[in-house]
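# Working through the structure, step by step
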Amino acid sequence: MNRRPVLVIAGVSAVILVAVGAAFFQPWRLFTTTVVDEALPPLSSASPSESVVPRPIGSASPSPTASEQAATTEPTYTDLAVGTFIAHEHDTTGAVRVVAQPDGTRVLAITGLRTSDGPDLRVWLTDQPVIEGTAGWGVFDDGTWVELGPLKGNVGDQVYAIPGDVDLTSIQSVSIWCARFAVSFGAATLTPV
């Protein structure tokens, strides 16, 4: 008779532990997919025959002449940096572009992303280098980082606004960051164009 209250308490405790563990780890996310298909900014307006002079990310391009401005009727989008994702904690593929838009704002465009779904995934710009293997999984919160927002989906194309006060000259990489476990799912080195 004395065992019954102990068994009930043990059973209730086990159920509570399983529920808390499931809520924290969200293991079902290993089997879920959220697809995003946002319109990406067009590729840079410069033709392939024009020479591209490397410059620091975020630095201004030379001002066009009046005749060049008159000849251009379409808005000008300029790629400032590009990169390709490598896998960290989870298999991650896709490409990134930092794009200056005609209105002067900048965005991060993620193309063809494919990674695992996970709890509390964020898109970060960071000043840390991308390191392959397990040594690179946790470096992105060691320095300066800017969160662009929650990851909209683990598959597809998506665009994130970059705040105007972000100094892109100090940014080296993009990380799909799991804030819950402080680990990178995947990251890309940003190479200035």
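The sections below set out a description of the structure shown in this document. (Residues numbered from 1 in each chain as written. Predicted model: local features only at pLDDT ≥ 70, side-chain atom pairs only at ≥ 80, totals over all residues. Heavy atoms only, no water.)

### What about the overall build of the protein?
On a plain count of helices and strands, the protein comes out with two helices and ten strands. Mapped in sequence order, the helices and strands of the protein form the string α-β-α-β-β-β-β-β-β-β-β-β. Looking at the 193 residues of the protein, the share that counts as buried comes to 35%. Contacts spanning at least 24 positions in sequence make up 68% of the contacts within the protein whose residues lie at least 6 apart. (Helix = DSSP H or I, 4+ residues; strand = E, 2+ residues; numbered from the N terminus. Buried < 20%, exposed > 50% of the residue type's maximum accessible area, 1.4 Å probe, protein only. Contact = heavy atoms within 4.5 Å.)

### Focus: the environment of Asp91
Relative to the elements of secondary structure, Asp91 occurs in the loop between strand S2 (78-87) and strand S3 (93-100). As for Asp91 and Gly186, which are separated by 95 residues in sequence, their C-alpha atoms are 7.2 Å apart. Residue contacts for Asp91: discarding those within four places in its chain leaves Arg114, Thr115 and Ser116.

### Quick notes on the nonpolar core
Ranked by internal contacts, the top residues of the largest apolar core, which has 27 residues, are Leu108, Ile110, Val123 and Leu125. Elements with a contribution of two residues or more to this core: S2, S3, strand S4 (106-114), strand S5 (121-126), strand S6 (145-150), strand S7 (155-162), strand S8 (173-178) and strand S9 (183-189). Apart from the residues lying within four places of it in its own chain, the contact partners of Leu125 are Leu108, Thr144, Trp145, Val146, Leu148, Ile162, Leu168, Ile171, Ser173, Val174 and Leu190. Among the nonpolar cores identified, the runner-up in size contains five residues, and Trp124, Val139, Trp177 and Ala187 belong to it. (Core = buried A, V, L, I, M, F, W, Y, C linked by side-chain atoms within 4.5 Å.)

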